[in-house]
Amino acid sequence: MIELWGALVILIACPLLGALPAIAWITYALKGKQLAKVGTKNISVSAAFYHGGILVGILAVLSEALKGIAVVLLTRIFFKEGSPWEIVALIALVLGRYWIGRGAGTTNVAWGFLVHDPLVAGFVSFFALIGFTVLQSRRLVKYGVLFLFPLCVIILHADDFPRIIAAVILAGLLGWIYTRIPDDLNLSAQEVEPESQTAFEYLRGNGEILTLDEELDAAVVGQKAATLSQIKRWGYSVPKGWVLSPIDDPQDLIDILQPSDLSPLVVRSSAIGEDSEQASAAGQYETVINVISKQQLQEAIASVRASYNRPTAVQYRRDRSLPDAAMAVLVQQQVQSVYSGVVFSRDPITQQGDAIVIEALPGSPTQVVSGKVTPEQYRAFVVESENISSVHLEGTGQVPQALIKQVAYLTRRLEKRYHGIPQDIEWSYDGQTLWVLQSRPITTLLPIWTRKIAAEVIPGVVHPLTWSINRPLTCGVWGDIFSVVLGDRAFGLDFTETATLHYSRAYFSASLLGEIFLRMGLPPESLEFLTRGAKMSKPPLRTTLENLPGLIKLLKQELNLEKDFKQDYSKLFIPGLSQLAHEAINEQEPAQLLEKIDFTLELLHRGTYYSILAPLSAALRQAIFRTKDSKIDNSVTPEVAALRSLSALAADAKQVLPDYQPDKVFEQLAQTKEGEKILYEFHELLEDYGYLSDVGTNIAVPTWKEDPQPIKQLFVELIQGQQQTEGIDPVNRALSGRRKRGFVQRRVDIKGRVTEVYSRLLAELRWRFVALEKIWLKAGLLKEVGDIFFLELDEVRRLVADPESEFSQQLNQIVQSRRSQFVQDSQFTQIPVLVYGNTPPHPLAPSKIYSDQILQGIPASHGQAEGRVKVVRNLQDLPEIDKETILVVPYTDSGWAPLLVRAGGFIAEAGGRLSHGAIVAREYGIPAVMDVKGATWILQDGQRVRIDGSRGIVELSYDLRPELY
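Criteria and cut-off values
Residues numbered from 1 in each chain as written. Predicted model: local features only at pLDDT ≥ 70, side-chain atom pairs only at ≥ 80, totals over all residues. Heavy atoms only, no water. Axes fitted to C-alpha atoms, helices over the stretch in contact; angles between N-to-C directions. Helix = DSSP H or I, 4+ residues; strand = E, 2+ residues; numbered from the N terminus. Parallel < 35°, antiparallel > 145°, perpendicular 65-115°, else oblique. Left-handed = near helix turned anticlockwise from the far one by under 90°. Contact = heavy atoms within 4.5 Å. Pairing = 2+ DSSP bridges. Buried < 20%, exposed > 50% of the residue type's maximum accessible area, 1.4 Å probe, protein only. Patch = residues over 30% accessible without salt bridge, like charges linked within 9 Å, V, L, I, M, F, W, Y side chains within 5 Å. Areas by Shrake-Rupley, 256 points an atom, 1.4 Å probe, with all protein chains shown as cover. Salt bridge = Lys/Arg side-chain N within 4 Å of Asp/Glu carboxyl O. Phe/Tyr/Trp six-rings, centres within 6.5 Å; stacked < 30°, edge-to-face > 60°. Expected span 1.5 Å × (residues − 1). Bend = angle between axes of the 7 residues up to and from the residue. Polar contact = N/O pair within 3.5 Å; in protein donor to acceptor, adjacent residues only side chain to side chain. Lys, Arg positive; Asp, Glu negative; His and termini not counted. Charge placed at Lys NZ, Arg CZ, Asp CG, Glu CD. Nonpolar A, V, L, I, M, F, W, Y, C, P; charged D, E, K, R; others polar.

J.: Teacher, can you tell me more about the packing of helix 4 (residues 54–78) against helix 6 (residues 106–116) here?
T.: Angle between the axes and distance between the axes: these two values describe a pair of packed helices. As a packed pair, helix 4 and helix 6 sit with axes 7 Å apart at the nearest point and diverge in direction by 45°. Compared by their axis directions, helix 4 and helix 6 come out oblique. In terms of crossing hand, the pair formed by helix 4 and helix 6 is right-handed. Contacts between helix 4 and helix 6 pair Val61, Glu64, Ala65, Lys67, Gly68, Ile69, Val72, Leu73 and Arg76 from the former with Thr107, Asn108, Trp111, Gly112, Val115 and His116 from the latter.

J.: What is the right way to look at the sheet that holds strand 12 (residues 448–450) in this model?
T.: By definition, the strands of a sheet pair up through backbone hydrogen bonds, in either a parallel or an antiparallel sense. If you walk across this open sheet you meet the four strands as 13-14-12-15, and the pairing is antiparallel. Each having just a single partner strand, strand 13 (499–502) and strand 15 (834–836) make up the two edges of the open sheet. Strand after strand, the sheet turns through a mean of 40° between neighbouring axes, direction not considered. Note: strand 13 against strand 14 (residues 505–509), four bridges, orientation antiparallel. Residue pairing in the sheet places His502 in a bridge with Arg505 of strand 14. In the packing of helix 18 (residues 464–486) onto the sheet, contacts are made with strand 13 and strand 14, and the angle to strand 13 comes to roughly 150°.

J.: Any chance you could explain the environment of Leu761 here in plain terms?
T.: Tracing the chain through its elements places Leu761 in helix 31 (residues 743–779). Using a relative accessible area of 0% as the deciding quantity, one classes Leu761 as buried. A C-alpha to C-alpha distance of 8.9 Å links Leu761 and Leu580, two positions 181 residues apart in sequence. Once residues within four sequence positions are removed from consideration, Leu761 is found in contact with Phe573, Leu577, Leu580, Thr600, Leu603 and Leu604.

J.: I keep staring at a nonpolar patch on the surface and nothing clicks. Help me out?
T.: Among the surface-exposed residues, Leu119, Phe147, Leu151, Ile154, Ile155, Leu156 and Val168 lie close enough to one another that they form a single nonpolar patch of about 660 Å² accessible area. Among the elements that line the nonpolar patch, the one with the most residues is helix 8 (residues 138–156), at five residues. For Leu151, the position within the fold is in helix 8. Under the relative-accessibility criterion, Leu151 is labelled partly exposed at 31%.

J.: Explain unusual backbone geometry to me, please; I cannot follow it from the model alone.
T.: Glycine aside, negative phi is the norm for most residues, and most peptide bonds take the trans geometry. Look at the link from Leu446 to Pro447: it is a cis peptide, with omega at 0°. Topologically, Pro447 is positioned in the loop between strand 11 (434–441) and strand 12. You will see that Gln351, though not glycine, has its phi angle at about 60°, which is positive. Tracing the backbone shows Gln351 in the loop between strand 6 (339–344) and strand 7 (356–362). Owing to a relative accessible area of 17%, Gln351 belongs among the buried residues under this scheme. Despite not being glycine, Ser504 has its phi angle at roughly 65°, a positive value. Tracing the backbone shows Ser504 in the loop between strand 13 and strand 14. We classify Ser504 as buried; its relative accessible area is 14%.

J.: Could you clarify how one ought to interpret the sheet that holds strand 8 (residues 376–384) in this entry?
T.: Here six strands make up an open sheet; going across it, the order is 9-8-7-6-10-11 and the pairing antiparallel. Whereas interior strands pair on both sides, the edge strands pair on one side only; in this sheet they are strand 9 (389–394) and strand 11. Averaged over all adjacent pairs, the angle separating strand axes in this sheet is 25°, with direction ignored. Note that strand 7 and strand 8 share five bridges and pair antiparallel. By the bridge assignment, Glu359 is partnered in strand 8 with Gln377. Along the sheet face, helix 16 (residues 401–417) touches strand 6, strand 7, strand 8, strand 9, strand 10 (423–429) and strand 11 and points at about 120° away from the line of strand 9.

J.: Help me understand the packing of aromatic side chains in this model?
T.: Each aromatic ring pair is described using two quantities: the centre-to-centre distance and the angle formed by the ring planes. In the structure shown here, the tally under the stated rule is 19 aromatic pairs. With centroids separated by 6.2 Å and ring planes inclined at 75°, the aromatic side chains of Phe573 and Tyr610 adopt a geometry described as edge-to-face. Here Phe573 is found in helix 23 (residues 561–581), whereas its partner Tyr610 is found in helix 24 (residues 590–625), with 37 residues between them in sequence. Like Tyr610, Phe573 is buried. For the pair Phe666 and Phe715, a centre-to-centre distance of 5.8 Å together with 50° between the ring planes defines the contact as tilted. Taken together, the residues span a long stretch of sequence, with Phe666 in helix 26 (residues 665–669) and Phe715 in helix 28 (residues 709–720) at a distance of 49 residues. Each member of the pair, Phe666 as well as Phe715, is classed as buried.

J.: What's the story with the environment of Tyr308 in this structure? I'm lost.
T.: Mapped onto the fold, Tyr308 is located in the loop between helix 13 (294–306) and helix 14 (311–319). Separated by 23 residues in the primary sequence, Tyr308 and Tyr285 place their C-alpha atoms 6.3 Å from one another. If we skip the residues at most four places from it in the chain, Tyr308 touches Ala271, Tyr285, Ala313, Val314, Arg317, Pro323, Asp324, Ala325, Ala326 and Met327.

J.: Quick question: what am I supposed to make of the pattern of salt bridges here?
T.: Side chains that carry opposite charge are capable of pairing whenever their charged atoms lie near each other. Overall, the coordinates contain 38 salt bridges when judged by the stated rule. Note that Asp347 and Arg379 form a salt bridge whose closest N and O atoms lie 2.7 Å from each other. Note that Asp347 is positioned in the loop between strand 6 and strand 7 and Arg379 in strand 8, a separation of 32 residues in sequence. Arg747 is the salt-bridge partner of Glu562, the closest N and O atoms lying 3.8 Å from each other. Residue Glu562 is found in helix 23, and its partner Arg747 is found in helix 31; the two are separated by 185 residues along the sequence. Classification of Arg747 by relative accessible area gives buried; the value is 2%.

J.: So what exactly am I meant to see when it comes to helix 11 (residues 218–233) here?
T.: Structurally, the α-helix is built with 3.6 residues per turn, so residues lying three or four positions apart point the same way. Compared with the 22 Å implied by 1.5 Å per residue over 16 residues, the 15 Å span of helix 11 between its first and last C-alpha is markedly short. The sharpest bend along helix 11 comes to roughly 75°, located at Lys224. Along helix 11, the residues classified as buried are Val220, Val221, Gly222, Lys224, Ala225, Ala226, Thr227, Leu228, Ser229 and Ile231. Here the buried face of helix 11 lies against strand 1 (210–211), strand 2 (241–244), strand 3 (265–271), strand 5 (327–333), helix 16 and strand 11. By the N-cap criterion, in which a side-chain oxygen at the helix start approaches the backbone nitrogen of a residue two or three places on, helix 11 is capped by Asp217, the distance to Ala219 being 3.0 Å. Of the residues flanking the end of helix 11, it is Gly235, one or two places downstream, whose phi is positive at about 110°.

J.: Would you take a moment to explain helix 24 for this structure?
T.: The terminal C-alpha atoms of helix 24 lie 51 Å apart, and with 36 residues this matches the ideal 52 Å at 1.5 Å per residue to within 8%. Arg606 marks where helix 24 bends most, by close to 25°. Positive phi shows up at Arg626, right after helix 24, with a value of about 50°.

J.: Any chance you could explain a negative patch on the surface here in plain terms?
T.: On the surface, a cluster of negative charge is contributed by Asp652, Glu681, Glu684 and Asp688. Per element, the largest residue contribution to the negative patch is three residues, and it comes from helix 27 (residues 673–688). As for its position among the elements, Glu681 is in helix 27. Under the relative-accessibility criterion, Glu681 is labelled partly exposed at 30%.

J.: Would you take a moment to explain the packing of helix 25 (residues 638–656) against helix 28 for this structure?
T.: Where helix 25 contacts helix 28, the two axes come as close as 8 Å, and the packing angle between them is 60°. With respect to their mutual orientation, helix 25 and helix 28 come out oblique. The handedness of the crossing between helix 25 and helix 28 is right-handed. Within the contact between the two elements, helix 25 uses Leu646, Ser647, Leu649, Ala650, Ala653 and Lys654 and helix 28 uses Ile711, Phe715, Leu718 and Ile719. In terms of residue class, the contact of helix 25 with helix 28 is built from eight nonpolar, one polar and one charged.

Printed below as a string of structure tokens:
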């Protein structure tokens, strides 16, 4: 029994001891440096020597030696001396050291093994010392030791099979870790602590010449070389290359290379900081081609290194506040180019759209980048759906179109590898192979802004007042959530930059979110997975474990979500909403209205937390438990509940009025007692759900309570369409009656209640701004209804505080300017999904290019439907539709729900499986496909389409003749 307890103690305590960042604490205490933020970011003995000096290094050795010795001695409490469990304890220590402590564990193993088996440890140490003195090669000695020490265990303990297995596993684990983390001894000797300089240079040894076949660190060899090594390891064709770090003696490389007329070399810069997302440094440093002798190679290396200190290069770095670092040099075999050129994965001029811009010429790529020769120009569009991929080209010339298409495919795949960051790629073709010579971010197209998520959160054109309220709420709560997970790793992230407006539409920063998710150890596409059902790759284990404490905190919040919401619901939201609902708004003064606006905003801040966490929690649980959408009941969601009530009421009205005139339904209902009862229930329904609107998150949009006419019209049309829907609703009601209230359903219910609370608070907020506007209209401060929504919240506060201020004199000019911009932006019918940079140009008409009459989206509601398209961009002019109609909409919000159920199916440009429209579609068994890019301009009224809501496919009929309704 004691051995069982011993195994548990070892497997729990040893990783925790390994994770203890003693070296980081020592370095910070004595030198004030945070190892996790400097150099290679390793928390290791060599990093302590490098950044902290001799004393810090010695203390680091002692701290890690004590760990190794401690776990061996701990094991002896439970097992006999020399037990294989001592090696198991070292393995557990190393695992904790690597995954959480961010170190390799070499010192731990060396001293632990000295206690475990002094004979083996002594022999291996003797070999390492002699081998390094003779060979001066860290790499050979490091991996030689990993081979030698399990071999010694095999020889000395041939009869102890468990010990042999444990030793082999330990050696293999260390070898694997060495390939995963950068070596601090590869850092520049210029920045090492002076007192450690001699030891550092000795331990570096002669070293091996770095090649592009290895995993290279950009902090040591520059981004250009590191990127090419990464691309080559991904399996793409990159010319063979060797890398000289800033402190390497080039003679070793010159001695082994044999440049000639038949095998020329190219010598290129790879400066630290070059080709990064902050600066490309294009054209700043030297490149030497056609190097055909050792003498030329020596001169070329010297010339490239000297180019780092060119006056123009120095000024370039100063202009961009870039630190002076050093120059690494990249030497590659020169491609004998038949065709070559450069390609931009996104158009750097228009800064929008999906066009790949390719410049190409026969011969060397230097002709293209030199600007001395005008290259051929092509625009390519790569279209990829579930089983189909194709390239559409614009432009002709001498370069074969098949090659241009190959370049386009390569470009789009590399961009995906770099998480959608636009790439500037240099390429060359030698008649057989398409080579990648360089890839770097297009810095002028950063940051990247995306509408994909924002179009669902706050769709449509956004007024200044709405944005001044929504942006700090959304950014602030997201920042709080991310900070919980990241902790200190949130340093340097500006969460206020999470969202912005372009063309008066909301965009989220894909660049910032991608960086946040990478720091959290999650794939950059995580948010779209959680909110929209998109595919997500597996997160890296190491970074996930690094964020484990924060993720545990977030998990705790998720687990407590229901309890916390119920508590806030009863103690915060219900009393607050009750107080707001029973006030006579129109009798209050501006100061009183502003006080209640601030009170509502306080409630909204807490409500925003739940409005973000509840949908994410529901989506995550649904993914984990693989719960089908059809098994989930969304009856708590306000739009579903309102639609059910409205449909039931329409069914009753149909019984009361078997013969009716559509334009006189309400007058006819008022003529009978049964009809009066229905009218009363209709007004009660309008009172209950009057807080809903066409765009629930936009307080500038009138609520149902303020403008009931569209709901009345929908009520009449539901009466007319009862025969189409009455066979569907009971099925869903039956499903609702026998639903299983599992982990997923409880979260869906919470999400529905959160939506109700949040929508009610936004409505109360709107009604107070409307009341405030009426006062100012009467006083002459504002001129038109709706003017208040062209102010920002701080401006409203200033105006309430002092209606006679200088600001009030400029008020109408400000409002008119913003209204004019708003109207102009509203006229843009096609807004780019992605915006590159902070100052996007006028939106261009999208290229109408799609593959084989098939559009791909996100499957949102199962089933197939075929019919004629009806494009509806807003709810102002509601069309007549039936089950033969396939609705095409830009987005769906709660106000769209009654319209959607009358269609045979629908397609949305934005949204995912958790969208309002998707929920309604599943509720009524209507096939739906979400996130179909450009649907409202690709598809035309009357065009026949077939949709498959299970696969997310829209098939366009070859019969493209529009039929008018």
